[in-house]
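# Remarks on the overall topology
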Amino acid sequence: MALSEAHRDSETARPLVYRQSIWTRATHWIWAISLFFLLLSGLQIFNAHSTLYIGKQSGFGFDNSVLAMGTVRTPQGLEGRTTIFGRQFDTTGVFGLSGTRENPQARGFPAAMTIPSYRDLATGRVVHFFFAWVLVATLFVWLVASLVNGHIRRDLRPTSRDLAQLPRDVADHARFRFRHTGRYNVLQKLTYCIVFFVLFPVIVLTGLTMSPGMDAAWPWLLDIFGGRQTARTIHFVTMTLLVLFFLVHIVMVFAAGPINELRSMITGWYRTDPETTGDSAS
């Protein structure tokens with residue numbers, strides 16, 4: 001009984017605050033689902049030609065590849081090779097050549113990382129384009145709602161005071177020390193601004209640049225991104241940065257308290273530290 005009462009007193013000392021609006025919560029989960037399908041279907045599309053280039057053209061007459069996944073025949077048999085800026089790495093079993101010894105598969109990314117798991121470029125493109133438009137529509141809804149309810153101005157815009165606290169927040173994150181007050185800290189603000197206002201627009205625009213149908217409507221996209229091949233490479237790099245953001249985000253959620261963080265993103269309510277100032281991390 002004493003333990004139960006102590007637990008209740010502890011919870012009472014940590015009040016709940018309404019942290020996330022319904023618009024933020026709904027778009028957050030739609031983005032999570034969309035990015036999952038976009039990633040795996042995008043790797044299916046990448047496998048159709050598992051080489052990236054810098055420049056407006058590619059082919060046998062050009063030497064402008066920056067990444068390539070393929071196979072080479074050796075005295076021991078086929079081996080997977082990944083080439084990055086001319087430097088080769090043996091990636092047998094993961095990139096270039098995967099599957100089993102009895103049934104090796106020459107493909108960039110292994111079957112477990114693509115949608116569908118088998119070779120089907122047409123289905124991969126359908127899935128990719130569908131969730132791409134879901135992502136764009138959700139981003140538009142989030143932007144309008146966040147401008148109307150003040151979420152961007154109030155919660156995401158870094159202030160001079162925030163920037164002054166940046167060294168302390170970096171040190172706290174490095175030591176996994178978090179303050180829970182229901183407000184974003186400066187690292188969160190900077191990161192979310194980069195994701196929402198840099199990475200998302202870049203990945204959408206480079207995706208449009210790769211579409212031949214956009215050449216007539218928006219030919220300036222090819223000039224901005226240096227051609228379709230460069231746009232494809234930027235698209236891939238941006239996707240990689242979003243994956244890294246997702247992984248760090250998940251680590252921070254678990255480090256800062258997964259129950260509290262998930263409750264905030266499901267119900268909107270967040271339990272704060274008693275009488276503290278600063279920002280929470282997730």
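A short tour of the structure in this document, coming up. What you see as residue numbers is a count from 1 along each chain, following the sequence as written. Given that this is a predicted model, residues contribute local features only at a pLDDT of at least 70 and side-chain atom pairs are listed and counted only at 80 or more, while totals for whole chains, interfaces and linings are drawn from all residues. Calculated side-chain values reflect all of the structure's heavy atoms, with hydrogen atoms and water omitted.

### Looking at unusual backbone geometry
Inclusion rule: The helix and strand labels rest on DSSP assignments: H or I over at least four residues marks a helix, E over at least two residues marks a strand, and numbering proceeds from the N terminus. Burial here depends on accessible area, computed with a 1.4 Å probe over protein chains only, as a share of the maximum for the residue type. Under 20% is buried, over 50% is exposed, and the range in between is partly exposed.
Residue isoleucine 115 is joined to proline 116 through a cis peptide bond whose omega torsion reads -10°. Examined against the element boundaries, proline 116 turns out to sit in the loop between strand 7 (104–107) and helix 3 (121–148). Even without being glycine, phenylalanine 85 reaches a positive phi, approximately 50°. Checked against the element boundaries, phenylalanine 85 lands in the loop between strand 4 (77–84) and strand 5 (87–90). Taking the relative accessible area as the measure of exposure, phenylalanine 85 reaches 68% and is therefore exposed. Unusually for a residue other than glycine, phenylalanine 176 sits at a positive phi of about 55°.

### Quick look at the sheet that holds strand 3 (residues 65–74)
What counts, and what does not: Note: two strands are recorded as paired if DSSP finds a minimum of 2 bridges between them. To get an axis, fit a line to the C-alpha atoms, keeping to the stretch in contact for a helix; angles then go from 0 to 180 degrees between the N-to-C directions. Should any heavy atoms of two residues lie within 4.5 Å, those residues are counted as being in contact.
The strand order across the open sheet formed by four strands is 2-3-4-5, and the pairing between neighbours is antiparallel. Each edge of the sheet is formed by a strand with only one pairing partner; in this case those strands are strand 2 (51–53) and strand 5. Strand after strand, the sheet turns through a mean of 30° between neighbouring axes, direction not considered. Judged from the eight bridges that link them, strand 3 and strand 4 form a sheet pairing that is antiparallel. Bridged to alanine 68 within strand 4 is threonine 83. Seen against the sheet, helix 10 (residues 228–256) touches strand 2 and strand 3 and runs at an angle of roughly 115° to strand 2.

### Digging into the packing of helix 2 (residues 22–47) against helix 10
Threshold: An angle counts as roughly parallel when it lies under 35 degrees, as roughly antiparallel when it exceeds 145, as roughly perpendicular when it falls between 65 and 115, and as oblique in every other case. Helix crossings get a hand from a simple test, with the near helix turned counterclockwise from the far one by less than a right angle marking a left-handed crossing and a clockwise turn marking a right-handed one. Residues are grouped as follows: nonpolar covers Ala, Val, Leu, Ile, Met, Phe, Trp, Tyr, Cys and Pro; charged covers Asp, Glu, Lys and Arg; every other residue, Gly included, is treated as polar.
Contact geometry for helix 2 and helix 10: axes closest at 11 Å, N-to-C directions at 135°. One element, helix 2, and the other, helix 10, form an angle in the oblique class. Every pair of crossing elements has a handedness; the one defined by helix 2 and helix 10 is left-handed. Of helix 10, the residues touching helix 2 (which contributes His28, Leu35, Leu39, Leu43, Ile45 and Phe46) are Arg232, Phe236, Met239, Leu242, Val243 and His249. A per-class count over the contact of helix 2 with helix 10 returns nine nonpolar, two polar and one charged.

### Focus: the packing of helix 7 (residues 186–209) against helix 10
The N-to-C vectors of helix 7 and helix 10 enclose an angle of 150°; their axes lie 9 Å apart at closest approach. The element helix 7 and its partner helix 10 pack so that their crossing is left-handed. Across the interface between the two elements, Thr191, Tyr192, Val195, Leu199, Phe200, Val202, Ile203, Thr206, Gly207 and Thr209 of helix 7 pack against Arg228, Ala231, Ile234, His235, Thr238, Met239, Leu241, Leu242, Phe245 and His249 of helix 10.

### Regarding the nonpolar core
Note the threshold: Nine residue types can take part in a nonpolar core, namely buried Ala, Val, Leu, Ile, Met, Phe, Trp, Tyr and Cys, and a core is a set of them joined through side-chain atoms within 4.5 Å.
Trp31, Phe46, Trp142, Leu156, Phe196 and Phe200 are the most contacted members of the largest nonpolar core, which has 29 residues in total. Looking at this core, the elements that each hand over two or more residues are helix 2, strand 3, helix 3, helix 4 (151–156), helix 7 and helix 10. With near-sequence residues (within four places) excluded, tryptophan 31 lies in contact with Leu135, Thr138, Leu139, Trp142, Phe196 and Phe200. The next biggest cluster of nonpolar side chains, apart from the first, holds five residues, and it includes Met214, Leu221, Phe225 and Ala231.

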